[in-house]
Amino acid sequence: MGRLIAWCASVLLLAGAMPAYAEDGYDLWLRYRPLPAGIQARDRAQAAALVYDVDRHDQSIIKAGEEIERALAGMLGAQVPNYSQSVVPGAILLGTADEPRIKALNLPLGSLGSEGYVIRSATIDGKAVTVIAANSGVGVLYGSFALIERLQRGLPIDGLDISAAPKLKLRLLDHWDNLDRTVERGYAGQSIWDWWKLPDFKSPRYTDYARANASIGINGAVLNNVNAKADSLTAPYIVKAAALADVFRPYGIKVYLSARWSAPIELGHLKTADPLDPAVATWWKAKADEIYAAIPDFGGFLVKANSEGQPGPQDYHRSHADGANMLAAAVKPHGGVIMWRAFVYAQENPEDRAKQAYDDFKALDGRFADNVIVQVKNGAIDFQPREPFHPLFGAMPGTPLMMEFQITKEYLGMATHLVYLGPLYEEALQADTWAHGKGSTVAKVIDGSLDHHALTGMAGVANIGSDRDWAGSTFNQANWFVFGRMAWNPDASAKTVAGEWSELTFGPNPQVTSTVVDMMTTSREAVVNYMEPLGLAHMMGTGHHYGPAPWVHELARPEWNPVYYHKADATGIGFDRTKTGSNAVAQYAPHVAAMFADPKTTPERNLLWFHHVGWDYPMASGRTLWEELAAHYTLGVSQVADMHGKWRSIQPLIDPERYAKTDIFLSIQQREAQWWRDACLAYFASVSGRPLPAGEAPPARSLAEYEAVTFPYEPGK
Ligand code: BDP
């Protein structure tokens, strides 16, 4: 009882001391602001206002209790006068399956695994109790966040009977963070990892990072860039990584490292990094042992090998499987995994870049060790605004595949453009591979259900940096959020998640939610329209990928040039990937291959990805391809204007700081959408030798002027 009173008193203390927060975005979706009066959550929350912690030894349950206190203090404290007198009726009981009172309830915990949870409204000893139970402390923490979310969104917290469990095992953020704190393709400031001051100084940000991740079920972080430096594997950096692991552990988050393939040469002074050389295997085994001695729950390694100039096993005429399996043996005794990336293409290989990963990996199906998972990007080129699903999904039934999405917006306008990625993720996950007939979705490939794999996962290239609002804009936070939600449940709906995020981020005001959800669900199609409609890809500026550059043709390797991807000339546009071209369509299952092989059955949104068609090609709308292309570009610009208008319509309902930043960013996006449209149409008009279709406004500047623009200090490189 003494402990109960102590917890209750600390809630009161916190409540009294509540500062007036600035809404600068730091709190993400965990804002815990006083609930609006109309929500009437007060009564329900009063019933839940006592936190009863059953196991003070479990660090995750302690964190769960602290989070509930913090949330209740923030949301209700200021509003509940005489709080102490009214707090009688209920309690929250947090505990694991072996706690006697939880055991007595016979909750369906057996099927929920180590991370699932149950939230149940129950009566114990005549008292109303909200039980949050799980098979582990982390499960209890996840359940606690779920209960808090209900309060934040003004949903009932009585009569609850909720069970939830993640469908994927590895739910990871991949940080492309360098040791000097630059972030490859990062647009939200410096790296949040202050390597220089670690391990001594553990920034409070690390804890808030862990809280945010745990609240959406993310359970792992790869700390360093896939273009890795061997230094990350040296003793001083292992100690630094261990310090982060200590902060993250109670939140259920494991650390992983990107491993540089040639580390045995660079650090171990071996003559080779050949995976079949016993000295190399011994070096990695010793390295793994050293890491596990410092970080007993280290997750494992992520490897980018033989891609974009990185070293790898093929340097020694060994396969990706040889490389992955050698590393897998090193971490296996400790329970670690190897995430081996399938993002491979070689600059010397003249084959269609979209085909190269499949060519390398398909033949290796079934040859990977059981603690290896192959990490495949959602599309076969590289995180474009739209790509068809990667042909490896469904093509490697004997190998667990994990999804790699990009959360940072390398090819989507960087920090400032409002692009909600939920629809992109959903489109990729719900794509039907037809691997085992209709309904063989990518989601079922990666959740292991299609081919019965237990090792499953999803990784997202993080958009997090040292900016006060973490992700560079309020709406970029939604991409981190939806990634977590879809890693937990790859069948989640992007639209539903947008609504949840909006309620948490701006408060549960129906007008705000419907407006924000409208903006978010339009935003992905808008960016496709003003950048790369109808299946176009990779037309961004060289190196930095910012802004339009469809004209670039002079770079040394063909696939470095946008002209390689669109192949526009006087007769038509598009990349022929049918059998008259690269025949990449043949990498898909027969049903899908047949669909993509024929321009008439290829969805128009993918048309130019698979086909080179004439400028007068008739589209479903009755327009010619040229007219349709121009119409899409123009539509994209007006969709941004429309989003901006919607944002302005809710100005009185949004706090000034976040309102203003988004408003300015939408102005930037509007200007840049126009730039994309104008530059691309000016270019395509010139290569096709055609005037703009009737009714299309002429570009603001000449093609030469667009071509002359340069960006010497662009971020993220
Ligand atoms: C591309 C990026 C590059 C990454 C590469 C990768 O432009 O910076 O290193 O992907 O995923 O999107 O390895």
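About the cut-offs
- Residues numbered from 1 in each chain as written.
- Predicted model: local features only at pLDDT ≥ 70, side-chain atom pairs only at ≥ 80, totals over all residues.
- Heavy atoms only, no water.
- UniProt positions renumbered as here; feature names shortened; annotations may be inferred.
- Pairing = 2+ DSSP bridges.
- Helix = DSSP H or I, 4+ residues; strand = E, 2+ residues; numbered from the N terminus.
- Axes fitted to C-alpha atoms, helices over the stretch in contact; angles between N-to-C directions.
- Contact = heavy atoms within 4.5 Å.
- Near = heavy atom within 4 Å.
- Polar contact = N/O pair within 3.5 Å; in protein donor to acceptor, adjacent residues only side chain to side chain.
- Nonpolar A, V, L, I, M, F, W, Y, C, P; charged D, E, K, R; others polar.
- Core = buried A, V, L, I, M, F, W, Y, C linked by side-chain atoms within 4.5 Å.
- Buried < 20%, exposed > 50% of the residue type's maximum accessible area, 1.4 Å probe, protein only.
- Salt bridge = Lys/Arg side-chain N within 4 Å of Asp/Glu carboxyl O.
- Arc of directions from axis to C-beta.
- Domains from an automatic or database assignment.
- Buried area = accessible area lost by both parts, 1.4 Å probe.
- Phe/Tyr/Trp six-rings, centres within 6.5 Å; stacked < 30°, edge-to-face > 60°.
- Lys NZ or Arg CZ within 6 Å of the ring centre and 35° of its normal.
- Parallel < 35°, antiparallel > 145°, perpendicular 65-115°, else oblique.

Where an unreviewed UniProt entry is consulted, the chain appears under the name Xylan alpha-1,2-glucuronidase, with the organism given as Sphingomonas oligophenolica. Regarding the chain, the UniProt comment filed under Sequence similarities (unreviewed entry) reads as follows: "Belongs to the glycosyl hydrolase 67 family." Turning to the chain, the UniProt record has this under Subunit (unreviewed entry): "Homodimer."

## Side note on the sheet that holds strand β6 (residues 170-174)
Strand order in this closed barrel of eight strands is β6-β7-β8-β9-β10-β11-β12-β13, and the pairing throughout is parallel. Between one strand and the next, the sheet's axes are offset by a mean angle of 25°, whatever the strand orientation. Summarising the sheet, strand β9 (residues 300-303) and strand β10 (residues 337-341) pair through four bridges and their orientation is parallel. Among the inter-strand pairings, Val 303 is bridged to a residue of β10, identified as Trp 340. Against the sheet, helix α11 (residues 320-331) makes contact with β9, β10 and β11 (372-377), and its axis sits at roughly 160° relative to β10, the strand it touches most. Packed onto the sheet, helix α13 (residues 422-430) meets β12 (401-406) and β13 (457-461) and runs at close to 155° relative to β12.

## As for the site of the ligand
Around the ligand, a shell composed of 14 residues is seen, among which Glu 184, Lys 304, Arg 341, Asp 382 and Glu 410 lie nearest. With respect to the ligand, the side chain of Arg 185 contributes an N or O atom lying 3.0 Å from an oxygen atom. Contact between the ligand and Glu 410: an oxygen atom at 2.5 Å from a side-chain N or O atom of the residue. Residues belonging to the shell around the ligand are distributed by class as follows: four nonpolar, two polar and eight charged.

## With respect to the nonpolar core
Within the largest apolar cluster, 222 residues are counted, with the highest numbers of intra-cluster contacts made by Phe 248, Trp 284, Phe 301, Trp 480 and Phe 684. The element contributing the most residues to this core is helix α22 (residues 656-688), with twelve residues. In this structure, Leu 107, Leu 109, Leu 112 and Ile 124 belong to the second largest nonpolar core, which totals eleven residues.

## Observations concerning the pattern of salt bridges
As enumerated under the stated definition, the model contains 46 salt bridges in all. Of the charged contacts, one joins Glu 410 and Arg 185 as a salt bridge, the two residues approaching to 3.2 Å between their closest N and O atoms. Placement of Glu 410 in the loop between β12 and α13 and of Arg 185 in the loop between β6 and α7 (204-215) is noted, with a sequence separation of 225 residues between them. A relative accessible area of 3% means that Glu 410 is categorised as buried. When salt bridges with common partners are traced through the structure, they connect Glu 23, Asp 27, Arg 31, Arg 33, Asp 655 and Arg 658 into a single cluster.

## So, the environment of Met 75
With respect to the secondary-structure elements, Met 75 resides in helix α3 (residues 59-76). It is 5.0 Å that separates the C-alpha atoms of Met 75 and Tyr 32, two residues lying 43 residues apart in sequence. Setting aside chain neighbours within four positions, we find Met 75 in contact with Tyr 32, Arg 33, Pro 34, Leu 35, Ile 148, Leu 151 and Gln 152.

## Describing helix α19 (residues 590-597)
Residues separated by three or four positions in an α-helix point in the same direction, a consequence of the helix having 3.6 residues per turn. Of all the positions in α19, only Val 592, Ala 593 and Phe 596 are classed as buried. Down the axis of α19, the buried set is contained in an arc of 100°. They therefore lie on one face. Of the surrounding secondary structure, the elements contacted by the buried residues of α19 are α20 (607-610).

## What to know about the environment of Asp 576
Mapping Asp 576 onto the fold places it in the loop between β14 (572-573) and α19. Polar contacts involving the side chain of Asp 576 include one to the side chain of Thr 578, which spans 2.6 Å.

## Brief notes about the domain arrangement of the chain
When the domains of the chain are assigned, the result is domain 1 (6-164), domain 2 (170-494) and domain 3 (529-575 + 612-707). Contacts between domain 1 and domain 2 engage 20 residues on the former and 23 residues on the latter. Together, the buried faces of domain 1 and domain 2 total about 2000 Å²; carbon and sulfur atoms form 58% of this surface. Along the contact surface separating domain 1 from domain 2 lie four salt bridges. Between Arg 171 and Glu 115 there is a salt bridge, with the nearest N and O atoms lying 2.9 Å from each other. Seen at the junction of domain 1 and domain 2, the total is eleven residue pairs in polar contact (both at pLDDT 80 or more). The set of elements that each furnish at least two residues to the side of domain 1 that touches domain 2 consists of α3 and α6 (137-152). In terms of residue class, the side of domain 1 that touches domain 2 is made up of eleven nonpolar, three polar and six charged.

## Examining the pairing of β9
Here three bridges tie strand β8 (residues 254-258) to β9, and the two strands are oriented parallel to one another. Bridging from a neighbouring strand, Leu 257 pairs with Phe 301 of β9.

## Considering the packing of aromatic side chains
What the rule picks out here adds up to 39 aromatic pairs. By the ring-pair criterion, three or more aromatic residues cluster together here, those being Tyr 26, Trp 29, Trp 193, Tyr 206, Tyr 209, Phe 248, Trp 470, Trp 480 and Phe 481. Looking at Arg 353, its charged tip hangs above the ring of Tyr 345, at a distance of 3.8 Å from the centre.

## A look at the side chain of Arg 211
Within the secondary structure, Arg 211 sits in helix α7. Classification of Arg 211 by relative accessible area gives buried; the value is 6%. Excluding residues that lie within four positions of it along the chain, Arg 211 makes contacts with Leu 30, Tyr 32, Glu 67, Arg 70, Phe 145 and Tyr 251.

## Concerning the packing of α3 against α6
What describes two packed helices is the angle between their axes and the distance between those same axes. Across the interface, α3 lies against α6 with an axial gap of 8 Å and an inter-helix angle of 10°. By the criterion of interaxial angle, the relationship of α3 to α6 is roughly parallel. Across the interface between the two elements, Ser 60, Ile 61, Lys 63, Ala 64, Glu 67, Ile 68, Ala 71, Leu 72 and Met 75 from α3 touch Gly 137, Val 138, Val 140, Leu 141, Ser 144, Phe 145, Ile 148, Leu 151 and Gln 152 from α6. Broken down by class, the residue content of the contact of α3 with α6 amounts to twelve nonpolar, four polar and two charged.

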